[in-house]
Amino acid sequence: MGPPGGRGSPPARGSLQHLLLFLLFVGPFNCFATYSRATELFYSLNEGLPAGVLIGSLARDLRLPLAGGQHPGAPQPQLSFTLASRGLGGQYVQLDNRSGELHTSAVEIDREALCVESGGATVFGGAAAVSASSPSPESCLLLLDVLVLPQEYFRLVKVKIAIRDVNDNAPRFPVPHIRLSVPENAPVNTRLAIEHPALDPDVGTNGVQTYRLRENYGVFTLDVEENESGERTPYLIVMGALDRETREEYVTVIVAEDGGTPPLVGSATLTIGISDINDNCPQFSDSQLNITLYGNSSLGTHVATVHAVDVDLGSNAQITYSYSQKVPQPSRDLFHLDESTGAITLSSKVDGDTPGLHRLIILGNGPGCIPAVITVLVTIIKVMMRPPEVVPRFIANEAEGVVYLKELEPINTPIAFFTIKDPDEKYKVNCYLDGDGPFRLSPYKPYNNEYLLETTKPLDYETQQQYEISVVAWNSEGFHVNKIIKVQVLDDNDNSPVFSQQLIELTIEENNVPNAFLTKLHATDADSGERGQVSYFLGPDAPSYFALDKTTGVLTVSTQLDREEKEKYRYTVKAVDSGFPPRESIATVTITVLDRNDNSPRFINKDFSFFVPENFPGFGEIGVISVTDADAGQNGWVALSVLNGSDIFVIDTGKGVLRAKVSLDREQQSSYVLWIEAVDGGDPALSSTAKITILLLDINDNPPLVLFPQSNMSYLLVLPSTLPGSPITEVYAVDKDTGMNAVIAYSIIGRRGPRPESFRIDPKTGNITLEESLMQNDYGLYRLLVKVSDHGYPEPLHSTVMVNLFVNDTVSNESYIESLLRKEPDISIEEKQPQISIEPTHKKMESASCMPTLVALSVISLGSIALVTGMGIYICLRKGKKHHRADENLEVQFPLNGRINLHMLEKKPVEISNI
């Protein structure tokens, strides 16, 4: 141990060992002095907790000072906590040497494993022992000794950790089958202890609490009794009358349930056997038997057998037979009664003094019962002569009185000769055949008293196997003698196997498991022995994947069948017997493979494309979606639906016709992509999808839209100094259609102005340029009516716009120009098609070689005439306008309020799409 002044430094391991040696040496002498420094702490925790759960803090619970405690400025000791011994108990806890905190370790605590004894098992350093100071009878304690150092704080702390039980074990019966015997005369409320109660390692309410029967049959119930030690034993209580002869056994299940939350249960089979008591007595089925006995019967002849019945079991059902005291002794001497079997036999020879009638009263005796009574009346017929004799001599095979004949033997097959004679040679003897069967007994001439027994028709083993006939001889005094002959028919292989059905119709669902059972063939053979044993074989037309068990006739299929591959199978099977030569029969097997929904609907194409002209009428047929399903019936029925765009498009489920609910406008949307789903009628249903692309073909339904100039009232100032060929302005238009329907051509179809031919328009671009130099006389307002036309089919569409050009140096008076613009222009329309070079789409038909020359000459001639005519008209117009020149010039000289530059007008770009 370190010096006293060494506070705060951890004690050396050697010092701790010296301290333990010192304590062991001085302990016996100063135990009273050290008792005041010993402390006991008590903790409790549930079993099965994970590692790291805090059990308790020894420093806090002992109120020991720790470093950095109540007085941070004052020097604090460095405490050390150590387990006094590292036994098995230390594996369940972890002790922090500095803080004194006690935690659970990685080894899980199992209360049932630690406390194997009942009630108060305790662990001292890991060794189990019974603790006399346990807090309760159900406590399971883990005891630890902890040393606290340094010396000035030294103490030995005894830590008791109580392990609380949790409901982690279900009740369990020691045997799976419990048998209990109850006498059938047990009164109501009889209690019988069940010797194998359920066991539950848990304690308290977590142990077994209740028992119950799943089926009480209305005559049983359970009760539970608890002894002084707390053990609960189930008792079976009889609630109703029992009768072994009605029911000798009851089988039920006994269930044990604990009191945990939730409760756990265990069960075992309980067989209740009803033991027999002697509550029934012997009874005869008849009260009297009448027997006739001939006086010449030999000793030991069986007379009769009496039989009584007792429904009890074992010794309670043992019956003995005896004569009543009323039976006279001569009758007892003449007839012997077997007391065990009840058989009556002739025990003395009948002579002339023997009475002809005997009344035998026989008692059936049972233990503790009043005997049952039956009367046997025996009448003896006295015989004073010797009976006729019947001597057989067998021709057919005979053994021990049985004649063996093969079936199918021919008619009149001899069986035996019979010699009939009277031993006294006093009386005439006759004989006849008694019994059914194809047999005949006739005199065999020329001998007297000789008779031949023969067949009258072939025998059939399958019809009847045995015959019993009697050759009866009687004399003139009426005395009869019977000679019984048994005939056994021997079987021959004369029958073929017969199938129970000649046409065996079977069904099986496709996608069956391999080696699936189909049916069990059954054929019978009326022959016996090996000749009637039938083997089964497949016919040569049976597919290889069908198998037929030779012995049992079980028909199986070794592979999966696919209805879509083959729906029906038809082949033959054979049944062959084991006779020689073998006989066989044939049956036909038909197998229908039933459909299962194993095929999804299948579209003809994965992607469908349809070209539809725009403005197609609503609910018109756009196209047909073709889909198939290889399954049959309801599984092959296919329903089509539109997954997207269902507000515009609809599809005919039965025919697959795709329609649009409304007319479609390509300018709003040029194409549609739809997803069509096909769902079959199976359960569960299978489905597939296909992509549908609808492309709208453009038709010429939109005229060109002029974007510039924006108004017929706008105008543009053109300076007289503008050079010929200079661009003046442009007409800009767009067409919402596509292709040729959107190709725009510009042309001037009307002109008005001093010299209106001074301006021309480019038919492709719409650019307006100055053709000739402007003179002094060309000043004024020019109004050009421009036609904007597309090249649509079947008929082109057009729009018109007025282009106003004001030729002057300045714009001095806007109101004057606006007044001119408001006037309706007097313009003559020129129907002249714009000349735009467009590549032809069709080849021109070839003409004769002379046609181009004639056409060229005609064009030149017409052009010359037009040129001369035009020049004349132009000269006349020029002369006629000279009178108005001065007025027009005066009008231009009016001062204008401002100057407008129309070249600055914005043009909006328009996006045109062409196919």
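About the criteria used
- Residues numbered from 1 in each chain as written.
- Predicted model: local features only at pLDDT ≥ 70, side-chain atom pairs only at ≥ 80, totals over all residues.
- Heavy atoms only, no water.
- Helix = DSSP H or I, 4+ residues; strand = E, 2+ residues; numbered from the N terminus.
- Buried < 20%, exposed > 50% of the residue type's maximum accessible area, 1.4 Å probe, protein only.
- Contact = heavy atoms within 4.5 Å.
- Areas by Shrake-Rupley, 256 points an atom, 1.4 Å probe, with all protein chains shown as cover.
- Phe/Tyr/Trp six-rings, centres within 6.5 Å; stacked < 30°, edge-to-face > 60°.
- Lys NZ or Arg CZ within 6 Å of the ring centre and 35° of its normal.
- Pairing = 2+ DSSP bridges.
- Axes fitted to C-alpha atoms, helices over the stretch in contact; angles between N-to-C directions.
- Salt bridge = Lys/Arg side-chain N within 4 Å of Asp/Glu carboxyl O.
- Disulfide = S-S within 2.5 Å.
- Core = buried A, V, L, I, M, F, W, Y, C linked by side-chain atoms within 4.5 Å.
- Arc of directions from axis to C-beta.
- Patch = residues over 30% accessible without salt bridge, like charges linked within 9 Å, V, L, I, M, F, W, Y side chains within 5 Å.
- pLDDT = per-residue confidence, 0-100.

### Describing the overall build of the chain
So, step 1. Summing up its helical and strand segments, the chain has eight helices and 61 strands in all.
So, step 2. Out of the 915 residues belonging to the chain, those deemed buried represent 38%.
So, step 3. Partitioning the contacts of the chain with sequence separation of at least 6, the portion at a separation of at least 24 is 68%.
So, step 4. In the structure as shown, the chain presents an accessible area of about 52,700 Å², 53% of it carried by carbon and sulfur atoms.

### Some details on the packing of aromatic side chains
Two measures describe an aromatic ring pair: the distance that separates the ring centres and the angle between the ring planes.
So, step 1. Applying the stated rule across the entire model yields 17 aromatic pairs.
So, step 2. Judged by centre distance (5.1 Å) and plane angle (45 degrees), the ring pair of Phe 546 and Tyr 571 falls under tilted. Here Phe 546 is found in strand S40 (residues 546–548), whereas its partner Tyr 571 is found in strand S42 (residues 568–577), with 25 residues between them in sequence. Each member of the pair Phe 546 and Tyr 571 is classed as buried.
So, step 3. The positively charged end of Arg 191 is found above the aromatic ring belonging to Tyr 235, 5.2 Å away from the centroid.

### A few points about the sheet that holds strand S52 (residues 687–697)
So, step 1. The strand order across the open sheet built from four strands is S45-S52-S51-S48, with neighbouring strands paired in mixed fashion. Edge strands, defined here as strands with exactly one partner in the open sheet, are strand S45 (607–613) and strand S48 (638–642). Pairs of neighbouring strands in the sheet enclose a mean axial angle of 25 degrees, with direction left out of account.
So, step 2. Two elements, S45 and S52, share seven bridges in a ladder whose sense is parallel.

### Looking at the pattern of salt bridges
So, step 1. All chains considered together, the criterion is met by 23 salt bridges.
So, step 2. For the salt bridge of Asp 276 with Arg 244, the shortest nitrogen-to-oxygen distance reads 2.9 Å. Here Asp 276, found in the loop between strand S16 (265–275) and strand S17 (283–284), pairs with Arg 244, found in the loop between strand S14 (232–238) and strand S15 (249–258); they are 32 residues apart in sequence, far enough to count as distant. Note on accessibility: Asp 276 and Arg 244 belong to one class, buried.
So, step 3. Between Arg 760 and Glu 771 there is a salt bridge, with its nearest N and O atoms 3.6 Å apart.

### Looking at the state of the cysteines
So, step 1. The full count for this structure, using the stated rule, is two disulfides.
So, step 2. Disulfide pairing is shown between Cys 115 and Cys 140; the S-S distance is 1.6 Å. Between Cys 115 and Cys 140, the S-S dihedral sits near 80 degrees, and the bridge is therefore right-handed. Remark: Cys 140 occurs in the loop between strand S7 (127–130) and strand S8 (141–149) and Cys 115 occurs in the loop between helix H4 (111–114) and strand S6 (121–124); sequence separation between them is 25 residues. This pair shows no difference in class: Cys 115 is buried, exactly as Cys 140 is.
So, step 3. Here Cys 281 connects covalently by a disulfide to Cys 369, the sulfurs 2.4 Å from one another. Between Cys 281 and Cys 369, the S-S dihedral sits near -85 degrees, and the bridge is therefore left-handed. Placement of Cys 281 in the loop between S16 and S17 and of Cys 369 in the loop between strand S24 (357–365) and strand S25 (372–381) is noted, with a sequence separation of 88 residues between them.
So, step 4. The exposure class of Cys 281 is partly exposed, given its relative accessible area of 34%.

### What to know about unusual backbone geometry
So, step 1. Cis geometry is adopted by the peptide bond preceding Pro 262, which originates at Thr 261 and carries an omega value of 0 degrees.
So, step 2. As for its position among the elements, Pro 262 is in the loop between S15 and S16.
So, step 3. Residue Pro 709 is reached from Phe 708 by a cis peptide bond, and omega for that bond is 0 degrees.
So, step 4. Examined against the element boundaries, Pro 709 turns out to sit in the loop between strand S53 (705–708) and strand S54 (715–718).
So, step 5. Residues other than glycine seldom take positive phi values, yet Asn 412 does so here, at roughly 65 degrees.

### Remarks on the nonpolar core
So, step 1. Counting residues in each nonpolar core, the largest one holds 27 residues, and the members touching the most others are Leu 58, Phe 81, Leu 102, Val 146, Val 159 and Ile 161.
So, step 2. Secondary-structure elements contributing two or more residues to this core are strand S1 (39–46), helix H3 (58–62), strand S3 (80–83), strand S4 (93–95), S8 and strand S9 (155–164).
So, step 3. Residues in contact with Val 146, not counting those within four places in the same chain, are Leu 58, Phe 81, Thr 82, Leu 83, Leu 95, Arg 155, Leu 156, Val 157 and Val 159.

### Some thoughts on the environment of Thr 729
So, step 1. When you line up the elements, Thr 729 lands in strand S55 (residues 727–730).
So, step 2. For Thr 729, a relative accessible area of 18% translates into the label buried.
So, step 3. Here the alpha-carbon distance between Thr 729 and Thr 769, two residues 40 residues apart in the chain, equals 7.2 Å.
So, step 4. Here Thr 729 is in contact with Phe 708, Leu 716, Gly 766, Asn 767, Ile 768, Val 803 and Leu 805, once residues within four sequence places are set aside.

### Side note on the sheet that holds strand S57 (residues 744–752)
So, step 1. With mixed pairing, the four strands of this open sheet are ordered in space as S54-S61-S60-S57. In this open sheet, the two strands that pair with only one neighbour each are S54 and S57. Ignoring strand direction, the axes of neighbouring strands in this sheet form an average angle of 30 degrees.

### So, helix H6 (residues 814–822)
So, step 1. Taken as a whole, H6 has its buried residues at Tyr 816, Ile 817, Leu 820 and Leu 821. The buried side chains of H6 occupy one side of the element, clustering within an arc of 140 degrees when seen end-on.

### Re a nonpolar patch on the surface
So, step 1. Nonpolar side chains collect at one region of the surface, where Phe 611, Leu 695 and Leu 697 lie side by side and expose about 260 Å² of accessible area between them.
So, step 2. Accessibility expressed as a relative area gives 37% for Leu 697, which makes it partly exposed.

### Focus on the confidence of the model for the chain
So, step 1. Summing up the model confidence of the chain, the mean pLDDT is 81 and the portion of residues at 70 or higher is 82%.
So, step 2. Note that residues 118–135 has pLDDT below 50 and, in this model, 45 contacts with residues that lie over four places away or in other chains.
So, step 3. A low-confidence stretch, residues 879–915 (pLDDT under 50), is modelled with 59 contacts involving residues beyond four sequence positions or located in other chains.

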